[in-house]
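Chain by chain, the residues run as shown.
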Amino acid sequence: MKITGAEPIAAGTYQPPGSATAFPNLPAFCRVTATVSPVPDSSIGIEVWLPANGWNGRYQQVGNHGWGSGIYWSEMAPQLRRGFATAATDDGHPGAPSRPFDVTWAFGHPAKVDDYAWRAVHELADNAKLLIAAFYGKRQRAAYFNGCSDGGREGLLEARYFPADFNGILIGGVPSYATRGATEQLVATTNLVNSGIQGTRGVTILNLAQAAATKACDGIDGVLDGLIGNPKLCHWNPHSLVCATGQDPNTCITPAQADAIQANLDPVRDPVTGKWVFSGQARGSEFNQIAFQYNRGLAPYAIATYQVAYNDPTWDGTKFDLHVDSPRLDRALGILNVTDPDLREFAAAGGKLIQWHGWDDAAFTPGWETKYYGKVVASIGNGSLKDVQDFYRLFMLPEIGHCGAPGVGSTDIGPDDIGAENQPAVSSDPEHDAVSALLNWTEHGVAPREFIATKFVNNDPSQAIQMQRPVCPYPARTIWNRSGNTSYASSFYCGNPSGRLGDRDRAN
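Here the residue numbers are simple positions, counted from 1 along each chain's written sequence. Given that this is a predicted model, residues contribute local features only at a pLDDT of at least 70 and side-chain atom pairs are listed and counted only at 80 or more, while totals for whole chains, interfaces and linings are drawn from all residues. Water and hydrogen atoms play no part in the side-chain values, which are based on all heavy atoms of the structure.

Visitor: Can you break down the state of the cysteines residue by residue, with the values?
Guide: We call a pair of cysteine sulfur atoms a disulfide when they lie within 2.5 Å. Tallied over the entire structure, the rule returns four disulfides. Through a disulfide, C217 is tied to C234; the S-S separation comes to 2.0 Å. Looking down the S-S bond of the C217 and C234 bridge, the torsion is 75 degrees, so its handedness is right-handed. Pair noted here: C217 is in helix α5 (residues 199–217) and C234 is in the loop between α5 and α6 (255–265), with a separation of 17 residues, a long-range link. Overall, C217 belongs to the buried group, its relative accessible area being 3%. The disulfide bridge from C243 ends at C252, spanning 1.9 Å between sulfur atoms. Torsion about the S-S bond of the C243 and C252 cystine: about 90 degrees, corresponding to right-handed handedness. Throughout, exposure labels follow a simple rule: accessible area from a 1.4 Å probe, protein chains only, divided by the maximum for the residue type, with under 20% read as buried, over 50% as exposed, and the rest as partly exposed. Its relative accessible area of 33% is what places C243 among the partly exposed residues. The way it works is that DSSP assigns letters per residue, a run of H or I at least four long becomes a helix, a run of E at least two long becomes a strand, and they are numbered from the N terminus.

Visitor: Residues and numbers for the sheet that holds strand β6 (residues 58–62), please.
Guide: One open sheet holds the nine strands; their spatial order is β1-β4-β5-β7-β6-β8-β9-β12-β13, and the pairing between them is mixed. At either end of the open sheet lies a strand with only one pairing partner, and these are β1 (2–9) and β13 (392–397). For this sheet the average axis-to-axis angle between neighbouring strands, irrespective of direction, equals 15 degrees. Two strands form a pair only when DSSP identifies at least two bridges running between them. Pairing analysis gives five bridges linking strand β9 (residues 168–172) to strand β12 (residues 352–358), with the strands arranged parallel. Residue I169 lies in a different strand from β12, and its bridge partner there is L353. We call two residues in contact when some of their heavy atoms are within 4.5 Å. Fitting a line to C-alpha atoms yields each axis, with helices limited to the stretch in contact; the angle taken between N-to-C directions then spans 0 to 180 degrees. Together, β1, β4 (29–36), β5 (44–51), β6, β7 (85–89) and β8 (142–148) form the strand contacts of helix α2 (residues 110–136), whose direction differs from that of β5 by roughly 35 degrees. Docked against the sheet, helix α13 (residues 434–444) engages β6, β8, β9, β12 and β13, running at close to 155 degrees with respect to β12.

Visitor: Just give me the short version of the side chain of S279, but keep the residues and values in it.
Guide: Along the chain, S279 falls in the loop between β11 (276–278) and α7 (286–291). The exposure class of S279 is buried, given its relative accessible area of 8%. Here W368 takes part through its backbone nitrogen, which lies 3.1 Å from a polar atom of the side chain of S279. Sequence-distant contacts of S279, that is, excluding residues within four places in its chain, are made with E184, P267, T365, G367 and W368. Pairs of N or O atoms within 3.5 Å make up the polar contacts considered here, provided that, within protein, one atom can donate a hydrogen while the other can accept it, and that residues adjacent in sequence are counted only when both atoms are side-chain atoms.

So, in structure tokens, the structure goes:
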């Protein structure tokens, strides 16, 4: 490790060099920057913030997004305010969080791809702990990881392959099958392009689908609240929107467009072998498809991923062949994937894992998340959900998109604040704050029984609370008591009529 900078930062507002944002209300801290070069052509940038006073004795590492690029100070700042020593890495290449799909650094640099895939997050954990020990004269009493999107993948990777790095891990929006998730994005956006679901007209069509699916499936959870509680139980058919003779075209769609929407709802399958490739989009996820601009061409994460796999910056997806290209991507970049369900070493070390995912995540569809959890139960739990829930709990959030969080630009329909990454907890108690819940579980053995998710008026945390709803450990689901106000969490409870995972959660 080569230290490139160490400076005291006074309490107050701080804007890191290269950051477009200034972060207010920070305590005084020591800012350390360094590079780590474990192999030739590797230069992993790391940044560690060490509270000058009031350190809580813990370390919390934050994750990345997209294809890395840059330090996510926005995720370090909230943890510093809570008293954590915190750190982030650039995943081994320069860049900025505003350019998450810039992969120009990867071409001809396989060592840097390895840095991004797995090495940087582990190197940061090791070296940040060295800096903590040097600064405070003692080790942290516990180490935690908190990330969403690629940060979620990094956290799961740590649990599987470096089980001693962290005592507790909090992850969301996890693209653990990154190559297949990229393929699904490319298939879905290709279908939308080919059927003309593009531009402003595309937004209109996707909004029509959103409204129709919600109308058809709102009540499947026993309460009419504008939310699809579990899209797995929703069987709305987009062909119901096909224009009738003389119908206003602004209120309906063409048969080809209905076919495209249906194709995106279905699992992606190899067109030659029929084998499952990845889970399809959820009914009701159209708002998140719009947020990720699926109505504006082919998905940029997918294009970037295939470009890296083929070492070809000109690859644009126009000649994509699912049968040929998907297996090639798996072979070239399988190092990105964390699909092995064997988390026994992490469990044996006493590790605790909280995972959350939006039921309407359009970037990395939720069907894979529940399938992976089912694989963990089937393999290391020998079919026992309880054995897995002793160390690993999954929480699925209705009508929430990828890495859902309240704030400017949020289009989430459901309550999206449980105090996870970029979510300002409404209270520090473990029911409202996933970080507190992880500490409580890891350090005191109290597992989270539910989270109370919060939705603010206009998705703005500075405004009033609009509604709150319990989120239950999967496969339990939220059930209305049939008498209380549906805006109040107290009107719901967690239950699971079957008491077990469904067959689809175990299937290949």
